[in-house]
Amino acid sequence: AHEGILRRQALRESAARTYARSLPIVPVRARGMTIEGADGRRYLDCLSGAGTLALGHNHPVVLEAIRKVIDSGAPLHVLDLATPVKDAFTTELFATLPRELADNARIQFCGPAGTDAVEAAFKLVRAASGRSELLAFTGAYHGMTAGALAASGGATDVRVTRLPFPQNYRCPFGVGGERGADLAARWTEYLLDDPKSGVPAPAAMILEPVQGEGGVNPAPDGWMRRMREITQERSIALIADEVQTGVGRTGTYWAVEHSGIVPDVMVLSKAIGGSLPLAVIVYRAELDLWQPGAHAGTFRGNQLAMAAGAATLAYVRENGLAERAGTLGARMLARLQALAADHPSIGDVRGRGLMIGIELADPEAEPPTVTTENGSAPPPDPALAAVVQQECLRRGLIVELGGRHNAVVRLLPPLTLTDEQATAVVDRLADALRAAEL
Ligand code: PMP
């Protein structure tokens, strides 16, 4: 069955399919961090639905919440009408938000996907400011619809000004660390303030506190605070895209808490639906200037997703899973950094909490092309990363690749992984790396 399913899907499905291409498995059962394939093989899942499954697969509290709605006879589809399930979800979500925002916030249910919420955020800030220009960053990923794609670097007709995102390792200026972050901030100020730059007054700046698809690039806290100042001083709304970083993943409940900034708009999806599709924006009430009916959509009231999401949000909060993600992630990061000392093909290890990236590089490339804080570094090696991914799969470990060159192995395990599973992940990855280097 396993081979037949893979073969038929490969023939029938679009050539654009993504994950199924590099991960030829047929999941039939899953629990926690473990997926079982139709061929009986078991895998540790470090992809977690691209960071969606905060509690892993089929967590009992999530299943229970879904069953409860079904057994109650509540309608499953109600557009965006008020329901007890929605009320409970909203109350739980507001309880987790930064106080300063929650005390004066509005929520808009946007549709099933993160990209829907990004589009809603863009519409909101444009309606509120009367401006149309948007600011987005190098390495950003916000989704696959026109506006979100434009902000991600895709070519569409939506106008976006691209700003440099500081990265410890491969800063756009070739300088890492605080100096790179300072240069990136100064370039941003120049673009906004010097008429010669040609950048019109923008409606908003959108950023990810840790870029995920862009290759796991954590924004320095100081730089985040500077972006907040820059936008505040110029009356530009700041949109934090926490689609991937939210719900405890980076070690705080929301990743903006690391720097202490309060954005004007937060874009939320993935984990907030507890494995089912749900996306919202939460924003300062003063921005709520769009007209009634200005934003609509059929699938904005998914009752099962709200119930699963509320259960997930509460479980993460009550069980301190954000703190656990912080300590466990730091432990995994330290082990991976130790591994890098013995493997010249590991160009960089970086991350925050349980959002970790291992960038593979070609140490034999001459001359080294990238300058970092610590001198020059070899260029990224996407071919090696692809081999490492396959060697991981052979060892029962699912990882995804990311980054501009697709040379970053990304780890996004559920926040519920055990100490033993965390050890097994690093052991298998180390093993896969040794095999790939041979
Ligand atoms: N923003 C970020 C930061 C993301 O990581 C993603 C998805 N990887 C999106 C937006 C888009 O979400 P979706 O795929 O649900 O449209």
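How each quantity is defined
Residues numbered from 1 in each chain as written. Predicted model: local features only at pLDDT ≥ 70, side-chain atom pairs only at ≥ 80, totals over all residues. UniProt positions renumbered as here; feature names shortened; annotations may be inferred. Helix = DSSP H or I, 4+ residues; strand = E, 2+ residues; numbered from the N terminus. Buried ≥ 20, exposed ≤ 12 C-beta atoms within 10 Å, placed from the backbone. Expected span 1.5 Å × (residues − 1). Arc of directions from axis to C-beta. Contact = placed C-beta atoms within 7 Å. Near = placed C-beta within 6 Å. Nonpolar A, V, L, I, M, F, W, Y, C, P; charged D, E, K, R; others polar. Axes fitted to C-alpha atoms, helices over the stretch in contact; angles between N-to-C directions. Parallel < 35°, antiparallel > 145°, perpendicular 65-115°, else oblique. Left-handed = near helix turned anticlockwise from the far one by under 90°. Pairing = 2+ DSSP bridges. Core = buried A, V, L, I, M, F, W, Y, C linked by C-beta atoms within 7 Å. Domains from an automatic or database assignment. pLDDT = per-residue confidence, 0-100.

The name that an unreviewed UniProt entry assigns to the protein chain is Diaminobutyrate--2-oxoglutarate transaminase, with the source organism given as Streptomyces silvae. According to the UniProt record, the Cofactor (unreviewed entry) comment for the protein chain is "pyridoxal 5'-phosphate". Of the comments in the UniProt record for the protein chain, the one headed Pathway (unreviewed entry) reads "Amine and polyamine biosynthesis; ectoine biosynthesis; L-ectoine from L-aspartate 4-semialdehyde: step 1/3."

Counting secondary structure elements, the protein chain contains 14 helices and 19 strands. Residue burial in the protein chain is summarised as follows: out of 438 residues, 50% are buried.

Taking 1.5 Å of rise per residue, the 17 residues of helix α9 (residues 177-193) would be expected to cover 24 Å, and the 25 Å separating its terminal C-alpha atoms lies within 8% of that figure. Taken together, the buried positions of α9 are occupied by G180, A181, A184, A185, T188 and L192. Across the axial projection of α9, the buried residues extend over an arc of 135°, all falling on one side. Of the exposed residues in α9, the ones pointing more than 90 degrees away from its buried face are R186, Y190 and D193. On its buried face, α9 sits against β6 (160-163) and α10 (221-233).

Take the site of the ligand next. Near the ligand there are 15 residues, and of these A113, G114, T115, V243 and Q244 occur at the shortest range. Considering each element in turn, the shell around the ligand owes the most residues, three residues, to helix α7 (residues 114-129). In terms of residue class, the shell around the ligand is made up of five nonpolar, seven polar and three charged.

Two elements in contact, helix α5 (residues 84-96) and helix α11 (residues 303-318), have axes whose closest approach is 9 Å; the angle formed by their N-to-C orientations is 30°. In terms of orientation, α5 and α11 fall into the roughly parallel class. Here α5 runs over α11; the crossing is left-handed. Contacts between α5 and α11 involve V85, K86, A88, F89, E92, L93 and T96 from the first element and Q303, M306, A307, G309, A310, L313, A314 and R317 from the second.

Turning our eyes to something else, we now look at the pairing of strand β10 (residues 237-241). Each regular strand carries side chains that alternate between the two faces of the sheet. Extensive coverage of β10 is indicated by the burial of five of its five residues. Residues A237, I239 and D241 of β10 are buried on one face, and the alternating residues L238 and A240, pointing to the opposite face, are buried as well. Pairing analysis gives three bridges linking β10 to strand β11 (residues 265-268), with the strands arranged parallel. Across the sheet, residue A240 finds its bridge partner in β11, namely M266.

Turning next to the nonpolar core. Core analysis: the largest hydrophobic core is formed by 127 residues, its most contacted members being A121, V125, A204, I239, V265 and I281. In terms of residue count, the dominant contributor to this core is α11 (10 residues). Those residues in contact with A121 that sit more than four places away from it in its chain are I239, V265, V267 and I281.

Split into domains, the protein chain comes out as domain 1 (76-318) and domain 2 (323-349). A straight line from the C-alpha centre of domain 1 to that of domain 2 covers 28 Å. In this assembly, four residues from domain 1 lie in contact with four residues from domain 2. Looking at the side of domain 1 that touches domain 2, its residues break down into one nonpolar, two polar and one charged.

Now for the pairing of strand β7 (residues 202-207). Most of β7 is tucked away, with six of its six residues classed as buried. With three bridges connecting them, strand β5 (residues 133-137) and β7 associate as parallel partners. Paired with E133 across the bridge in β7 is P202. Sheet topology note: the β7/β10 ladder contains four bridges and is parallel. In the sheet register, A204 faces β10, and the bridge partner there is A237.

Backbone-to-backbone hydrogen bonds join strands into a sheet, with any given pair of strands oriented parallel or antiparallel. Taken together, the four strands give an open sheet; going across it, the order is β13-β14-β19-β18, and neighbouring strands pair in antiparallel fashion. One side of each edge strand has no neighbouring strand; the edge strands of this open sheet are β13 (346-352) and β18 (400-402). On average, each strand axis in the sheet is inclined to that of its neighbour by 25°, with strand direction left out of account. Relative to strand β19 (residues 408-411), strand β14 (residues 355-360) is paired through four bridges, and the arrangement is antiparallel. Note that in β19 the partner of I356 across the bridge is L411. The sheet strands contacting helix α13 (residues 382-394) are β14, β18 and β19, and the helix crosses β19 at an angle near 35°.

Take unusual backbone geometry next. Even without glycine at this site, V216 takes up a positive phi of about 55°. A positive phi angle, close to 55°, is found at S235, a residue other than glycine.

Confidence in the prediction for the protein chain averages 93 pLDDT; 94% of positions are at 70 or higher. Two summary scores accompany this predicted model of the complex, namely pTM at 0.96 and ipTM at 0.99.

As a further point, take the sheet that holds strand β12 (residues 279-284). The seven strands lie next to each other as β4-β12-β11-β10-β7-β5-β6, forming an open sheet whose pairing is mixed. Sheet topology places β4 (105-111) and β6 at the edges, where each strand pairs with a single neighbour. For this sheet the average axis-to-axis angle between neighbouring strands, irrespective of direction, equals 20°. Sheet topology note: the β11/β12 ladder contains four bridges and is antiparallel. Directly across from L268, in β12, lies its bridge partner V280.

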